[in-house]
Amino acid sequence: MFVDFAITDIEITDALSKDMAKDIINFGVNSITVPYYLIKPIRSVLNDNNMLLSCFIDYPLGISDIKTRLSAIQQAHKAGASGVDISMPQNLASNRKYDKIREDVKVCAEYCVANGLVARYILEYRIFDHHCLKKICEILEDNNILYIYPSSGYFLDNLADNILASIFLHQNSKDMKILCTGNMWMEKHFETLRKSGLNGFRTSSLTSLKNFIQFSSSH
């Protein structure tokens, strides 16, 4: 199961972020996602580790214009990120401006492909109806975006609703990998995730990660 660890604490120091990254690496997660200002500190800890280091882009609301978003991706790449987690432009989605969304995704995806970056998109499923989510999936698939998060994790989120949204996205995509972002930390939560058939999950809690490792070792 694919596991992403997101460092979202805006008050964390470089030193603490490095210590946290060492713990995360020891747990064997697949990727770490951080804000721009933590790319270099975390990269210094990874050394030759092939773990994906991704940078949040326009997080969490997706309210910047396309030039600003592309510039952020370029800066993340220059700083040493090997991937980018891009927030879907929520206003475009809520107004069903699919042509604008298609243009945004195309520009971002083309830069990522040309520069060897893994592009992943963050949605906010409670804002979009099922028709909109399905349409967005089609746009992302057309641009070979493989990893999708159903929500940013920035707002309060119900695990059951998050998993249902994740399953809907999974059922309406061919090859995309859906990573659950609901808050989970108990064995019954991980069991629900396992039974869902989803590709993995994101957490920002070391306790949750430790509990998941224990769960995985016993199943």
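Overview of the structure. This is a predicted model, so every value here is computed, not measured.

Parameters at a glance
- Residues numbered from 1 in each chain as written.
- Predicted model: local features only at pLDDT ≥ 70, side-chain atom pairs only at ≥ 80, totals over all residues.
- Heavy atoms only, no water.
- Axes fitted to C-alpha atoms, helices over the stretch in contact; angles between N-to-C directions.
- Helix = DSSP H or I, 4+ residues; strand = E, 2+ residues; numbered from the N terminus.
- Parallel < 35°, antiparallel > 145°, perpendicular 65-115°, else oblique.
- Left-handed = near helix turned anticlockwise from the far one by under 90°.
- Contact = heavy atoms within 4.5 Å.
- Nonpolar A, V, L, I, M, F, W, Y, C, P; charged D, E, K, R; others polar.
- Patch = residues over 30% accessible without salt bridge, like charges linked within 9 Å, V, L, I, M, F, W, Y side chains within 5 Å.
- Areas by Shrake-Rupley, 256 points an atom, 1.4 Å probe, with all protein chains shown as cover.
- Salt bridge = Lys/Arg side-chain N within 4 Å of Asp/Glu carboxyl O.
- Phe/Tyr/Trp six-rings, centres within 6.5 Å; stacked < 30°, edge-to-face > 60°.
- Buried < 20%, exposed > 50% of the residue type's maximum accessible area, 1.4 Å probe, protein only.
- Lys NZ or Arg CZ within 6 Å of the ring centre and 35° of its normal.
- Pairing = 2+ DSSP bridges.
- Right-handed = clockwise from strand over helix to strand, strands pointing away.

### Looking at the packing of helix H7 (residues 159-171) against helix H8 (residues 187-196)
(1) Moving on: At a minimum axis distance of 11 Å, the contact between H7 and H8 shows a crossing angle of 15°. Of the possible angle classes, the one that applies to H7 and H8 is roughly parallel. Judged by the twist between their axes, the crossing of H7 over H8 is right-handed. Contact residues: H7 offers Leu159, Ile163 and Ile167, while H8 offers His189, Thr192, Leu193 and Ser196.
(2) Moving on: Among the residues forming the contact of H7 with H8, the class breakdown is four nonpolar, three polar and no charged.

### A short note on a nonpolar patch on the surface
(1) Moving on: Judged by side-chain polarity, Leu61, Ile63, Tyr154 and Phe155 come together as a nonpolar surface patch covering roughly 430 Å² of accessible area.
(2) Moving on: Tracing the sequence through the fold places isoleucine 63 in the loop between strand E3 (52-57) and helix H3 (66-79).

### Brief notes about the packing of aromatic side chains
Geometry of an aromatic ring pair is reported as the spacing of the ring centres plus the angle between the planes.
(1) Moving on: Scanning all chains against the criterion turns up seven aromatic pairs.
(2) Moving on: Seen from their ring centres, phenylalanine 190 and phenylalanine 201 are 5.9 Å apart, and the 55° between their planes marks the pair as tilted. In this pair, phenylalanine 190 sits in helix H8 while phenylalanine 201 sits in strand E8 (residues 200-203), placing the two residues 11 residues apart along the sequence. Both residues of the pair, phenylalanine 190 and phenylalanine 201, count as buried.
(3) Moving on: Every member of this aromatic cluster is reached through a ring pair, and the members are Phe190, Phe201, Phe212 and Phe215.
(4) Moving on: Just above the ring of tyrosine 98 sits the side chain of lysine 135; from NZ or CZ to the centre is 6.0 Å.

### Section: the pairing of strand E4 (residues 83-87)
(1) Moving on: Extensive coverage of E4 is indicated by the burial of five of its five residues.
(2) Moving on: Here E4 shows no split at all, with Gly83, Asp85 and Ser87 on one side and Val84 and Ile86 on the other all buried.
(3) Moving on: As judged from the four bridges shared by E3 and E4, these two strands associate in the parallel manner. Residue pairing across strands places phenylalanine 56 opposite aspartate 85, the latter belonging to E4.
(4) Moving on: Taken together, E3, H3 and E4 form a β-α-β motif whose crossover is right-handed.
(5) Moving on: Pairing of E4 with strand E5 (residues 118-122), which is carried by five bridges, proceeds in the parallel orientation. Residue aspartate 85 lies in a different strand from E5, and its bridge partner there is arginine 120.

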